[in-house]
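A closer look at the structure
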Amino acid sequence: MCGIVGITADHEALANAIDYLVNGLKRLEYRGYDSAGFGFIECRTGRLIVLKDKGKIDEVVEKYNVTSYCGVAGIAHTRWATHGAPNKANAHPHVDCSGKVAVVHNGIIKNFVELREFLEERGHVFKSDTDTEVIAHLFEEFLKTERDPFEAFKKTISMLEGAYAIVLLYADQPLRLYFARKVSPLIIGVGRGFNIVSSDIPSILPLTRNIIALRDDEYGYIEPYMVYIEYKGQKTSWRQRITTVTWSVEDAEKAGYPHFMLKEIMEQPRVLYETFTGLTSSNEVYDAARLINEADYVFVTGAGTSYHAGLVFAYYMSRLARTPVIPFISSEYKSYESLASEKAVLIAVSQSGETIDTLQALRAFKAKGARIIAVSNVIASTIPRESDSVVYTRAGPEIGVAATKTFLTQVLALTMMAMQLANMRGYISDGEYKDMVELLSRAGRVAGEGINASTREVERLVDALKKKHSIYVLGRGLGVPLAYEAALKIKEVSYIHAEAYPAGESKHGPIALIEKGFPVIFVGAEPGEDYLEMIQGNILEMKARGAFTIVVGHDAYTKLEGVDYAIGIGEQPVILAPYAIIPPLQLLAYKLAVSLGYDPDKPRNLAKTVTVE
Ligand code: M6R
């Protein structure tokens, strides 16, 4: 939620910081797009200039002709509103009374009401309804008593309760940016003659691939030739903490596609292959399976799409490794933490590695002695850092707010963990294990074939569905988590209400809504005859009430009686079914959104990384 970026640069290294700020901020727009703003020290006058307004970054840049300015150092922000309406006054950066201090913030300052009173009593005048503005005024207040502005900054952050990633610019120290991190993510991009501080990796890629992931409660400052980090009053050494990310600038660009979401759907064959080869040539899966093997209780948690991948994991753990898994939605961790102990292992699934709910679940379990395995896509992000073992997906940066390629790479990684454990526990022999690995090596190819074979049918289906107000997505067995994921994709980008249920459950309430033309998508992921028969019954029940029935699944499902529309995936072994079934459903969601005139990369009210509770 909210993206922040700041840069300070030597003139030799970067003639104008503004071009970078605009470009860098646009690469964070997936984190929120209610308003945008820039604060920078103008090259000629040395004055602090702040340009901000509601709306998307391009709109604000155009309205204020931002790129016509020259800046030596600056900060920028794209907002996902928490406190205060998304209007100009509430847009970041926020400034103090003197107009010399500008601050951008991602997070929530819980005690901002008391701090605001404290500051108003001392004569500070507020211009916004945000929690963030107190930071600029606090710094201004402490400058009155502290000769060293860094001390004033430290005093400022010591007053803050809640979650924050902060970057502060002070006009009297034009080449220095102060930063602090508590809970909300913040990284430093280390360069030659410049340094960057940002919420996420894509924004630093145009200038450097060397990052330092800041840890909780670290703070400090950057200058063009200096990085200074402190933790609890002690200077910390950071050089050995530099990680070089393998993502390229192009990975974070649209590469000719109209939207990131489409690009990322189309990338699935490649990133599945890269995840597969990366994991088969490392110990990550083996180490994770060993931890699971030592545990008596296995939990898996995540939010949204990552939770759905966790459900797929629970399915394969039951089927292959005969090991029960307790899945829970990470924001509900409080209902499960009493079950955590040294005998438990928690698998925390998070693409970004920063989702606050998942992080809190992790911390609650860790505090009770549970071992933690992270499944994440972002190297050095918080969830992997706080885990005992990490399995990385190799999906590259995912910019579209809707998770697509990261879902299937998570499924792949989690399936490999279940297979490895099944082999360790003797439920599948070495030979069977090898055969399964060989099968999984085809996941990328299967996804590619699924995309190619279904594109025309998906387009026709879009015409049939785009005027509908509601869609059911039903499945059985493995089809259930896939149905959940399909429904989430459809609703979040097309705004058509889509709800998933186990098909058998539909008779226990949902069927009441069925009337003539109500669309019901059946996900046929289980190849067995028993499943076919059960789904056949469900299709006929829906058909009898006038539903428009659609099947996406194994070819055998497409031939069932009462099917109005079908997208067949051939016949796939159950271990490969997700890679064949999910891409057509992602394409359906994408094309529905586009045909209805929505931008699938920026669904309303959503942000890619949810770092507030
Ligand atoms: O980064 P994470 O995987 O932890 O994110 C979890 C969810 O916020 C995320 O999957 C969300 O549901 C997406 N909008 C799904 O498309």
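Residues numbered from 1 in each chain as written. Predicted model: local features only at pLDDT ≥ 70, side-chain atom pairs only at ≥ 80, totals over all residues. Heavy atoms only, no water.

Remarks on the pattern of salt bridges
How we decide: A pair is scored as a salt bridge if a Lys or Arg side-chain nitrogen falls within 4 Å of a carboxyl oxygen belonging to Asp or Glu.
By the definition in use, this model includes 37 salt bridges. Each of the salt bridges in this network shares a partner with another, and the network as a whole consists of Arg181, Asp216, Glu354, Arg363 and Glu386.

Some words on the state of the cysteines
For the record, the criterion: The term disulfide is used for any two cysteine sulfur atoms that are within 2.5 Å. The way it works is that DSSP assigns letters per residue, a run of H or I at least four long becomes a helix, a run of E at least two long becomes a strand, and they are numbered from the N terminus. Accessibility here uses a 1.4 Å probe with only protein chains present; expressed as a share of the type maximum, an area under 20% marks a residue as buried, one over 50% as exposed, and anything in between as partly exposed.
Tallied over the full model, the rule gives one disulfide. Here cysteine 43 is linked by a disulfide to cysteine 70, with a sulfur-sulfur distance of 2.0 Å. Of note, the bridge from cysteine 43 to cysteine 70 carries an S-S torsion of about -70 degrees and is left-handed in sense. In this pair, cysteine 43 is assigned in the loop between β2 (35-42) and β3 (48-54) and cysteine 70 in the loop between α2 (57-63) and β4 (71-79), connecting sequence segments 27 residues apart. A relative accessible area of 26% places cysteine 70 in the partly exposed class.

What to know about empty space enclosed by the protein
Defined as follows: Points on a 1 Å grid, built from protein atoms alone, make a cavity when a 1.4 Å probe fits but cannot get out and make a pocket when they are open with protein on both sides within 12 Å along at least 5 of 7 lines; residues with an atom within 4 Å of a point are the lining residues. Grid points are joined across faces, edges and corners, and a volume is the space filled by probe spheres set on the points. For this scheme, ten residues count as nonpolar: Ala, Val, Leu, Ile, Met, Phe, Trp, Tyr, Cys and Pro. Four count as charged, namely Asp, Glu, Lys and Arg, and the remainder, Gly too, count as polar. The start and end points of each domain follow an automatic or database-based domain assignment.
A complete count under the given rule lists two cavities of 30 Å³ or more for this structure. Here the largest cavity is characterised by a volume of approximately 190 Å³. In this structure, the largest cavity is lined by 22 residues; those nearest its centre are Tyr30, Asp200, Ile201, Ser352 and Val378. Looking at the lining of the largest cavity, its residues break down into 12 nonpolar, five polar and five charged. Built from parts of two domains, the lining of the largest cavity gets at least three residues from each of domain 1 (3-253) and domain 2 (257-441).

Some remarks on the packing of helix α8 (residues 284-294) against helix α12 (residues 405-424)
To keep it simple, the criterion reads: Angles here are taken between N-to-C directions and fall from 0 to 180 degrees, while the axes themselves are lines fitted to C-alpha atoms, restricted in helices to the stretch in contact. Orientation is classified from the angle alone, with under 35 degrees giving roughly parallel, over 145 giving roughly antiparallel, 65 to 115 giving roughly perpendicular, and any other angle giving oblique. It is the rotation of the near helix from the far one that decides the hand of a crossing: anticlockwise by less than a right angle makes it left-handed, clockwise makes it right-handed. When checking whether two residues touch, look at their non-hydrogen atoms; a contact exists if any pair is within 4.5 Å.
The contact between α8 and α12 brings their axes to 9 Å, and the two run at 60 degrees. Between α8 and α12, the angle falls in the class oblique. Handedness of the α8/α12 crossing: right-handed. Contacts between α8 and α12 pair Val285, Tyr286, Ala288, Ala289, Arg290, Ile292 and Asn293 from the former with Met416, Met417, Gln420, Leu421 and Met424 from the latter.

Note that every value here comes from positions in space, so none of it alone points to a role or purpose.
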